[in-house]
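The primary structure of each chain is shown beneath.
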Amino acid sequence: MIKLIGDYHTHTIYSSGFREKAKHATGTIRDNAEAALAKGLKEIAITEHGPSHYLYGVRKKRISLMREEINRLNEEFIPKGLKILLGVESNLIGLDGTLDVDEKFLKYIDFLIMGYHYGATPKNLKDGIGLYVLNPISKLLPLGKEKAKELNTKAYIKALSKYPINMISHPGSKAKVDIVELAKEAIKYGTALEISAKHSQLSVESIKKLLDMDVIYMVNSDAHRPEDVGNVEDAIRKAIEANLPLDRIKNIEIN
């Protein structure tokens, strides 16, 4: 029997960015926590998009409000067996590995995810071309695919050396990376790679490339609705299909 003990990638109505009336996700923090508790989880992380995302990034001024809300909710939920973590799904915004979180921001959170998302605002024009122009073009044209992959991989690796990253979300889904080289660095820093139930990566093929490496894995829902919290069946299916020993997935228990 496989039991999920924590879902470390979920979104709420705080992911509204600068579009106050256009919510990226539908539930409140309490809604997600109630869903997690009902499914027997021990932990849940609320991980809104980083502030540079111009559509859905959480505003910096809201992080302190989220921290206060989660602290209050934990007084209620921890005695029931569920701990709520405040996280952020930060965006890669620089070829030098810069993320859209600073030290002040990091002081509020418990769990740091690094991801790549269209819609993030890059540091400057060069970073914008290297990260957010070359990648979509390379998906349409053969020219530039390897260059984009190289730049992405180097940027991810540089970020690992700069920030206390707990997990890389859906690595390779939106920006191609050399998953083996990235995994080597992730192992050094104790950073988990996500097998997403929502996105294509990690794919069965990618997991197979890493079977002989001591990678830390996590399966997560990337829930944008409370009812999707804890739904990681597709992620576990990919792990099983790739012949990944399930005891290597950090956030499940096997009985």
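What counts and how
- Residues numbered from 1 in each chain as written.
- Predicted model: local features only at pLDDT ≥ 70, side-chain atom pairs only at ≥ 80, totals over all residues.
- Heavy atoms only, no water.
- Helix = DSSP H or I, 4+ residues; strand = E, 2+ residues; numbered from the N terminus.
- Rg over C-alpha atoms; globule rule 2.2 N^0.38 Å.
- Buried < 20%, exposed > 50% of the residue type's maximum accessible area, 1.4 Å probe, protein only.
- Contact = heavy atoms within 4.5 Å.
- Areas by Shrake-Rupley, 256 points an atom, 1.4 Å probe, with all protein chains shown as cover.
- Lys, Arg positive; Asp, Glu negative; His and termini not counted.
- Charge placed at Lys NZ, Arg CZ, Asp CG, Glu CD.
- Core = buried A, V, L, I, M, F, W, Y, C linked by side-chain atoms within 4.5 Å.
- Salt bridge = Lys/Arg side-chain N within 4 Å of Asp/Glu carboxyl O.
- Pairing = 2+ DSSP bridges.
- Axes fitted to C-alpha atoms, helices over the stretch in contact; angles between N-to-C directions.
- Phe/Tyr/Trp six-rings, centres within 6.5 Å; stacked < 30°, edge-to-face > 60°.
- Lys NZ or Arg CZ within 6 Å of the ring centre and 35° of its normal.

## Structural notes on the overall build of the chain
Part 1: Helix and strand counts for the chain come out as 8 helices and 9 strands.
Part 2: For a compact globule of 255 residues, the expected C-alpha radius of gyration is about 18 Å, and the chain comes in at 17 Å, within 12% of that figure.
Part 3: Seen through its principal axes, the chain has C-alpha atoms that stretch 55 × 45 × 30 Å.
Part 4: Here the chain, with 255 residues, has 56% of them falling under the buried criterion.
Part 5: Within the chain, contacts between residues at least 6 apart in sequence are counted, and of these 74% link residues at least 24 apart.
Part 6: As displayed, the chain has an accessible area near 11400 Å², and 55% of this comes from carbon and sulfur atoms.
Part 7: One way to put it: in the chain the 38 positive side-chain charges average out to a point 4 Å from where the 34 negative ones average out.

## A closer look at the nonpolar core
Part 1: Core analysis: the biggest nonpolar cluster contains 68 residues, and Ile84, Leu193, Ile195, Tyr217 and Val219 have the highest contact counts within it.
Part 2: Top element by residues in this core is helix 2 (residues 60-77). It accounts for 5 residues.
Part 3: Apart from the residues within four sequence positions on either side, isoleucine 195 is in contact with Leu202, Ile207, Tyr217, Met218, Val219, Asn220, Ala235, Lys238, Ala239 and Leu244.
Part 4: The next biggest cluster of nonpolar side chains, apart from the first, holds 8 residues, and it includes Tyr8, Leu85, Ile113 and Met167.

## Remarks on the environment of proline 226
Part 1: Along the chain, proline 226 turns up in the loop between strand 8 (217-220) and helix 8 (233-241).
Part 2: The class of proline 226 is buried, set by a relative accessible area of 14%.
Part 3: Not counting residues up to four positions away in its chain, the partners in contact with proline 226 are Thr26, Gly27, Asp31, Asn32 and Ala35.

## Looking at the pattern of salt bridges
Part 1: Considering all chains together, one arrives at 15 salt bridges under this definition.
Part 2: A salt bridge links glutamate 76 to lysine 80; the nearest nitrogen and oxygen atoms lie 3.3 Å apart.
Part 3: Here lysine 80 falls in the partly exposed class, since its relative accessible area comes to 46%.
Part 4: The salt bridge involving arginine 225 is made with glutamate 227; its shortest N-O contact spans 3.4 Å.
Part 5: Glutamate 227 gets classed as partly exposed once you look at its relative accessible area, which sits at 46%.
Part 6: It is possible to trace a salt-bridge network through shared partners that takes in Arg30, Glu34, Glu76 and Lys80.

## So, the sheet that holds strand 8
Part 1: Across the sheet, which stays open at both edges, the 7 strands sit in the order 2-3-4-5-6-7-8 with parallel pairing between neighbours. A single partner strand is all that each edge strand has here, and the edge strands are strand 2 (6-10) and strand 8.
Part 2: Here strand 4 (residues 83-91) pairs with strand 5 (residues 111-115) via 5 bridges, running parallel. Across the sheet, residue asparagine 91 finds its bridge partner in strand 5, namely glycine 115.
Part 3: Seen against the sheet, helix 8 touches strand 7 (192-196) and strand 8 and runs at an angle of roughly 110 degrees to strand 7.

## Examining the packing of aromatic side chains
Part 1: Taken as a whole and judged by the stated rule, the model has 3 aromatic pairs.
Part 2: A ring pair is formed by tyrosine 116 and tyrosine 132, whose centres lie 4.9 Å apart and whose planes are at 15 degrees; its orientation type is stacked. Separated by 16 residues along the polypeptide, tyrosine 116 in the loop between strand 5 and helix 4 (125-140) and tyrosine 132 in helix 4 bring together distant segments of the chain.
Part 3: For tyrosine 116, a relative accessible area of 1% translates into the label buried.
Part 4: Grouping aromatic residues by their ring pairs yields a cluster made of Tyr116, Tyr118 and Tyr132.
Part 5: Geometry around phenylalanine 77 places lysine 80 over its ring, the cationic atom sitting 5.2 Å from the centre.

## Here we look at unusual backbone geometry
Part 1: The residue after glutamine 201, namely leucine 202, is reached through a cis peptide bond having omega -5 degrees.
Part 2: Along the polypeptide, leucine 202 turns up in the loop between strand 7 and helix 7 (204-209).
Part 3: Positive phi, normally seen in glycine, also occurs at aspartate 222, with a value near 55 degrees.
Part 4: Tracing the chain through its elements places aspartate 222 in the loop between strand 8 and helix 8.

Keep in mind that these numbers describe shape and distance, not what the molecule does.
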